[in-house]
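# Residue-level structure breakdown
Here are the chains, one letter per residue:
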Amino acid sequence: MDELTTPENLDPAVLKLFEKHSKDLEAAFQIHLSIRGTKLMFSGPKVNRNRFRDYVEKLFSTSRESGGVTRREFELSLNMAQTGRLDSLEKEMLTPVSLRLNGREVFPRTLNQKRYLEAMRDNTLTFGIGPAGTGKTYLAIAAALERLFARDVDRIVLTRPVVEAGEKLGFLPGDIQQKVNPYFRPLYDALYDLIGFDKTADLIDREIIEIAPLAYMRGRTINNAFVILDEGQNTLSSQMKMFLTRFGANSRVVITADISQIDLADPRKSGIFRAIKILNQIQGIRITTLTARDVVRHPLVRRIIDAYDQTNSQ
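Okay, so let's go over this structure.

Analysis parameters
- Residues numbered from 1 in each chain as written.
- Predicted model: local features only at pLDDT ≥ 70, side-chain atom pairs only at ≥ 80, totals over all residues.
- Heavy atoms only, no water.
- Axes fitted to C-alpha atoms, helices over the stretch in contact; angles between N-to-C directions.
- Helix = DSSP H or I, 4+ residues; strand = E, 2+ residues; numbered from the N terminus.
- Parallel < 35°, antiparallel > 145°, perpendicular 65-115°, else oblique.
- Contact = heavy atoms within 4.5 Å.
- Nonpolar A, V, L, I, M, F, W, Y, C, P; charged D, E, K, R; others polar.
- Core = buried A, V, L, I, M, F, W, Y, C linked by side-chain atoms within 4.5 Å.
- Buried < 20%, exposed > 50% of the residue type's maximum accessible area, 1.4 Å probe, protein only.
- Pairing = 2+ DSSP bridges.

### Considerations on the packing of helix H9 (residues 185-195) against helix H10 (residues 197-205)
In the contact formed by H9 and H10, the axes pass within 7 Å of each other and the chain directions differ by 120°. The pairing of H9 with H10 is recorded here as oblique in orientation. Residues Tyr188, Leu191, Tyr192 and Ile195 of H9 form the contact with H10, whose participating residues are Phe197, Lys199, Thr200, Leu203 and Ile204. By residue class, the composition of the contact of H9 with H10 is seven nonpolar, one polar and one charged.

Set out below in structure tokens:
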């Protein structure tokens, strides 16, 4: 059994993070870990012990340089360990990325989420491709709100194709807005969580935030806005091209898509595939891919996605 003694000046909160996530660390490195006072005791195959030692030493080094390691940073480091990206651990943790919303900060919890935030910051058009629960929509809306509150844009436009997810809803009562609102519930949920119900309602009432079906985008030129097309996998190629030619001066655009959940009658006709293929080499456009490792909902969701992926590959 190997052991590591934590530095005397190490923030005690870091050791508590090791205790809290001990099972995750054991799974990531295939070791057995126990914590006794200020010592980390670990056993397992030599190559795994060496990887874990390297990880801990890099984490302690980062803690010394930055003055500590937050829970979010620890989760990011753990994700990097799980995905075999320890070589860049110190660099990634010493170049943090977060979004600031009226005193609140939104952090990436995985390396791919960090890449996604960087892409939205540095590019005019960003694609966020990945399965459910990876934060594609939530982080895009947070990025839009940050730019809005910083007065970098005048408004936010959120849109989705109105496509039923495998079941016929039939006639829905009310006016057109009431009929389409159920399709936009995930967008409202993200807004409510980030800025609250009252602030969301106020911004929508003043048309600073617009939520509308994709069909309503045709013929428009949208300037000075942060535009998000959610559920982009449910567009046809013609709809995708229409959307991609709507934004004007000083606008940022994000398209989210989950290519494992296409609700079109013929999934092969999804416009997301052609868009990714023909746009991935254009300057100012970034395609960011998230995986089951980036799922930040309940841990069981990640295992469900992995199980489906394994079944589909057989």
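Let's pick the thread back up.
### Looking at the nonpolar core
Judged by nonpolar contacts, the single largest core of 32 residues is most densely connected at Ile141, Leu145 and Leu158. Elements that contribute at least two residues to this core include exactly strand S4 (99-101), helix H6 (111-122), helix H7 (136-149), strand S7 (155-160), H9, strand S8 (209-213) and strand S9 (225-229). Counting residues per element, this core draws most heavily on H7, which supplies eight residues. Apart from the residues within four sequence positions on either side, Leu145 is in contact with Leu101, Ile156, Leu191, Leu194, Ile195 and Ile209. Counting 27 residues, the second largest nonpolar core, distinct from the first, contains Leu17, Phe42, Phe74 and Leu78.

### Overview of the sheet that holds strand S3 (residues 39-43)
If you trace the three strands from one edge of the open sheet to the other, you get S1-S3-S2, paired in antiparallel fashion. At either margin of the open sheet sits one strand with a lone partner, and together these are strand S1 (2-5) and strand S2 (32-36). The average undirected angle you get between the axes of adjacent strands in this sheet is 20°. Where S2 lies against S3, five bridges are found, and the strand directions are antiparallel. Looking at S3, one finds that His32 is bridged to Ser43.

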